[in-house]
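# Remarks on the overall topology
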Amino acid sequence: MPNRLAQETSPYLLQHADNPVDWWPWSDAAFAEARRRDVPVLLSVGYSSCHWCHVMAHESFEDEETAGCLNAHFVPVKVDREERPDVDAVYMEAVQAATGQGGWPMTVFLTADAEPFYFGTYFPPRPRQGMPSFRQVLEGVRAAWTDRREEVGEVAGRIVRELSSRSLAAAGSGARPPSEEDLHAALLGLTRDYDASHGGFGGAPKFPPSMVLEFLLRHHARTGSEGALQMASDTCESMARGGIYDQLGGGFARYSVDREWVVPHFEKMLYDNALLLRVYAHLWRSTGSDLARRVALETADFLVRELRTPEGGFASALDADSEIPDSEIPDSEVTDGEVPDSEVPDGAVPDGAAPQEGAAGGGGRPAPHAEGAFYVWTPAQLRRVLGEDDARLAAAWFSVTGDGTFEEGASVLQLPGEGVVDAGQIASIRERLFAARESRPRPGRDDKVVAAWNGLVIAALAETGAYFDRPDLVLAATDAADLLVRVHMGPGGRLARTSRDGRAGAHAGVLEDYADVAEGFLSLAGVTGEGVWVEFAGLLLDTVLRHFADEDGTLHDTPDDGEQLIRRPQDPTDNATPSGWNAAAGALLSYAAYTGSAEHRAAAERALGVVKALAPRAPRFTGWGLAVAEAVLDGPREVAVVGPAGDPATGELHRAALLGTAPGAVVALGEPGADDAEAVPLLRDRPLLSGRPAAYVCRNFTCDLPTADPGELSGRLGGAGGS
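Procedures and definitions
Residues numbered from 1 in each chain as written. Predicted model: local features only at pLDDT ≥ 70, side-chain atom pairs only at ≥ 80, totals over all residues. Heavy atoms only, no water. Axes fitted to C-alpha atoms, helices over the stretch in contact; angles between N-to-C directions. Helix = DSSP H or I, 4+ residues; strand = E, 2+ residues; numbered from the N terminus. Parallel < 35°, antiparallel > 145°, perpendicular 65-115°, else oblique. Left-handed = near helix turned anticlockwise from the far one by under 90°. Contact = heavy atoms within 4.5 Å. Nonpolar A, V, L, I, M, F, W, Y, C, P; charged D, E, K, R; others polar. Pairing = 2+ DSSP bridges. Expected span 1.5 Å × (residues − 1). Buried < 20%, exposed > 50% of the residue type's maximum accessible area, 1.4 Å probe, protein only. 1 Å grid on protein atoms, 1.4 Å probe; cavity = no way out; pocket = protein on both sides within 12 Å on 5 of 7 lines; lining within 4 Å. Points joined across faces, edges and corners; volume = space filled by probe spheres on them. Core = buried A, V, L, I, M, F, W, Y, C linked by side-chain atoms within 4.5 Å. pLDDT = per-residue confidence, 0-100. Salt bridge = Lys/Arg side-chain N within 4 Å of Asp/Glu carboxyl O.

Further remarks concern the packing of helix H19 (residues 532-548) against helix H20 (residues 580-595). In the contact formed by H19 and H20, the axes pass within 10 Å of each other and the chain directions differ by 130°. Put simply, H19 runs oblique to H20. For the element pair H19 and H20, the recorded crossing hand is left-handed. Taken together, the residues of H20 that come into contact with H19 (itself represented by Val534, Gly538, Leu541 and Leu545) are Ala587, Leu588, Tyr591, Tyr594 and Thr595. Residue classes in the contact of H19 with H20 are distributed as seven nonpolar, two polar and no charged.

In C-alpha cells, the structure reads:
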C-alpha cells in the first residue's frame, strides 16, 4: 500500500511511495506526530539522480525488517533536496560542522522541534569499512533517545545555538564591490589552481567551472588579459574533447572522476548544461572558435530534444544508470542485493567540491542497471553497428580500446584530436552510432521543472539562438518563460520553486529562483525586444528587495515571511550553480541598467561586498560574483537600438549589440515612441539618426553620440578593444 509520498509531485519522493517505510513529507504534521509519539525524526534527504540514495533505498528502505524498526521507533521524513534546498542547506551545514564532510543521501536524526543531534550520509545494511550498519545506527539512536534524553537535548541545543550564531556581515550600507585590485588577486588565485595540462582547476574529481569561465571571459573582454582567455579556452576545449561531453548526443555530464575529463559520472543536469551552453556561446562570441560553436549548438539541441517537457519547461536531470540489454549483461554484473565493499564510498562532501554520484532510481529493478550503460561502447559493439572498417576508424577517432577506459572493457567516447579524415565518413559514423544508441534502454528523467534552473536555460537558449540565427531556440526560451509566468508566478511576484505536469508545487521559491528567473527574463528581453520581460523581472527583483534582503542589504536564501527553520539559510558561495546571492547581484545590476533604478544598482553593489571579502581566499567559489563585478567595473554598458522592426538595418545593429563582449552589457530594442519605452526606460527619448535606425551606447544613462554603423557599434562594445 503506498505511503504518504504518493500524494507528492517530486519524482524522487514518488520513487519512495511504495517503500514499506511509512514516510512523511517534510511538514508540521510530521513533527507533531513525533511529539505525540515522543520519538525522534529520521530525516533522509536525497535527489533523483543520486546513486547512493538509491543504493541505500534498495538496501534499507525496501527491507521489511528495517522498515519495521523505523516505523515503530521514529517518524521517517523524506525530502527532495532540489525541491527544498532550504531544508537541505540548513541540515547539511550541521552535518558538515559535526563530521567535517557531507553528501547525499543525508541522514539526520532530529528532535520534534527539528533540532539535529546525530548525523551521517550513506549507511550500509551491514558494518563495513569502519561504518556501522544502518540498523546499528537506528538502535544506537533509539537507545540514546530512551536512556540519555537529557544528553540528546543538550547536544541538539548546542548545535542549534552554534548554527544560529553564524551570520554574514560582508554586505551592508558600507559594503563595496570588488576593486580592480581584488579581481586581479582573484585571477592570480585561479592561476595557482589551474591545471595547465588538462584545463580546469584542482585535481580529481573535476567539475566544470562554469561560473569561473564566465568571469575569465569577461575579464579578458574588459582588460585584454590573454592569460584569462587562455585558461577559459583551453578548459573548454579539454572538456569538449573529453568523456564528460557526450560526443554523440551533445550535453555534459555532472563531473569527471579523473583530472583528464575522461570518465564522467554520467548524470546530466539541466543547470550544468544551461551554464555551459552560455559559456561556449560566449567563448565563440569572443574568439570565433568552430569547436565552441559546435558544442554550443549540440548542447542546445540536447536540451531541447531530451529535457524539454510537454508544457514547454525543462526537466531537471537525466539519471546516470540505465538498464543493460540482456545481450550486453556481463557474467560479473551485480544485479541485486548489497553493493560490493569496493564500491562503498569513503565519504562525500558538498556538491561542487567532491563526488555525489548519480544513477537511475528505485528498487525492485526489473533488469540489471549499470552506470553509463546508455553511453559507453566496446569494440564489438562498434563492429555490430558499423562493420569492420568503420568500426576501426571509429575506435581510433573516439578512443575506444580493447581494455576500455571505463568498466567491463567498455570505453567512454572521447575526441582527443582531429587528424586527416573524411568529415563525411565521421558524420555518418556519428549518425549511425547515435541511432543505435537510441534503441538502448534510456536513463530515467526527473521531469520536475525547477524555476531557477529554467531561468538559467532561458538565458542560454535565447542568447545562443540569437548568435547563431536559430529562432527555434529563442522560441524554446520564450515558451519556458511563458510557463514560469503562467504556472510558477503568483500574485505579488511570488514564485513556486517547482512544477510538474503543468501544476505548481507547494513549496515557495528561494532566492536563486527569483534571481535566476529574473536573469533569464532580462536576457530574453534583450534578444526579443519585448519589454514585458523587463517588467516581470522587476516584479521578481522587487520581491527580493522586500523579502530576501535585510535593511542593510544582506541577503538570505529564504524570504522573511517563509517557513521558519532552525536557521535562516544564507550562502553567498557559488557551488554547482550561482549562489542566490551572486545571481541576485547580477540580475539587480542588469535591471538597473535597463531602468536607471538607483535603488537596484545600490542593492547590487552592496551584495557584491561579500564577493570582495571572499574572492581573494576562494575565487573558485565566487566565479559568478566575480563576473558580476567585472560588469560593475565596465559600467555595465547600456545599448539602446531603435528602428522599425522589419528594417534590415535595425536587425544588423541589434545583432552587433548582442555580439558585443563588453561585460554584462544590456541590450534594449524598440521603435521610437513605442510602448516598450515605458517598460524599458533605456529606450526613452532615443530618436532615429537622420531617419535611419540608430544605436546608443551609454553608461549610467549617459550616452555617446548615436551611430547607424554596425561596425562602429561593434567597436564600441568590444571590451578591451572598445571605448
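Next up on the list: the sheet that holds strand E9 (residues 317-318). Strands sit in the order E8-E9-E12 across an open sheet of three strands; the sheet is antiparallel. Each edge of the sheet is formed by a strand with only one pairing partner; in this case those strands are strand E8 (268-269) and strand E12 (445-446). Examined bridge by bridge, E8 and E9 share two bridges and lie antiparallel to one another. Looking at the pairing, Lys268 lines up with Leu318 of E9.

On the basis of which strands lie adjacent, the open sheet formed by three strands has the order E13-E14-E15 and antiparallel pairing. The sheet is open, and its two borders are formed by strand E13 (449-450) and strand E15 (503-504), each paired with just one other strand. The sheet contact formed by E13 and strand E14 (residues 498-500) spans two bridges and is antiparallel. Within E14, the position partnered with Val450 by the bridge is Thr498.

Compared with an ideal rise of 1.5 Å per residue, which puts 16 residues at 22 Å, H20 spans 22 Å between its outermost C-alpha atoms and is within 8% of the ideal. With 16 of its 16 residues buried, H20 lies for the most part within the structure. A positive backbone phi angle near 75° is found at Gly596, which sits one or two residues after H20.

Here we come to empty space enclosed by the protein. Per the counting criterion, the structure on display carries eight cavities of 30 Å³ or more. Approximately 420 Å³ is the volume found for the largest cavity. Around the largest cavity, the lining comprises 28 residues; the ones closest to its centre are Arg278, Glu463, Ser523, Gly664 and Ala665. Among the secondary structure elements, those contributing two or more residues to the lining of the largest cavity are helix H9 (210-223), helix H11 (270-287), helix H16 (451-467), helix H18 (511-528), H20, helix H23 (623-634), helix H24 (648-658) and strand E17 (666-670). The element contributing the most residues to the lining of the largest cavity is H18, with five residues.

Turning next to the pairing of strand E5 (residues 116-120). With four of its five residues buried, E5 lies for the most part within the structure. With four bridges joining them, strand E4 (residues 106-110) and E5 adopt antiparallel strand pairing. From the neighbouring strand, Val108 faces E5, where its bridge partner is Phe119. Between E4 and the antiparallel strand that follows it, E5, lie five residues; Ala114 among them carries a positive phi value of about 70°.

Position of Ser597 among the secondary structure elements: in the loop between H20 and helix H21 (598-607). Since its relative accessible area comes to 17%, Ser597 is described here as buried. Residues Ser597 and Pro681, spaced 84 residues apart in sequence, show a C-alpha to C-alpha distance of 9.6 Å.

In globular proteins that are soluble, nonpolar side chains generally tend to be buried together. Leu216, Tyr280, Phe314, Leu461, Phe521 and Leu713 are the most contacted members of the largest nonpolar core, which totals 150 residues. Of all hydrophobic cores here, the second largest spans 62 residues; its members include Ala17, Val77, Val137 and Ala144.

Bringing the confidence of the model for the chain into the picture now. Of the residues in the chain, 92% have a pLDDT of 70 or more, and the chain-wide mean is 91. A low-confidence stretch, residues 331-365 stays under pLDDT 50, and its non-local contacts, those more than four residues away or across chains, total 113 contacts. Residue range residues 719-723 is modelled with pLDDT below 50. Its contacts to residues more than four positions away, or to other chains, number 18 contacts.

Attention now goes to the pattern of salt bridges. If the charged atoms of two oppositely charged side chains come close together, the side chains can form a pair. Enumeration according to the criterion identifies 46 salt bridges in this entry. Close ionic contact of Glu65 with Arg135 constitutes a salt bridge, the shortest N to O distance being 3.5 Å. Of this pair, Glu65 sits in helix H4 (residues 64-73) while Arg135 is found in helix H6 (residues 134-147), placing the two residues 70 residues apart along the sequence. Across the pair Arg497 and Glu512 runs a salt bridge, and its minimum N-O distance is 2.8 Å. Here Arg497 is found in the loop between helix H17 (471-488) and E14, whereas its partner Glu512 is found in helix H18, with 15 residues between them in sequence. Across the pair, exposure class does not vary: Arg497 and Glu512 are buried alike. What emerges from the salt-bridge pattern is a single network uniting Asp80, Glu82, Asp446 and Lys448.

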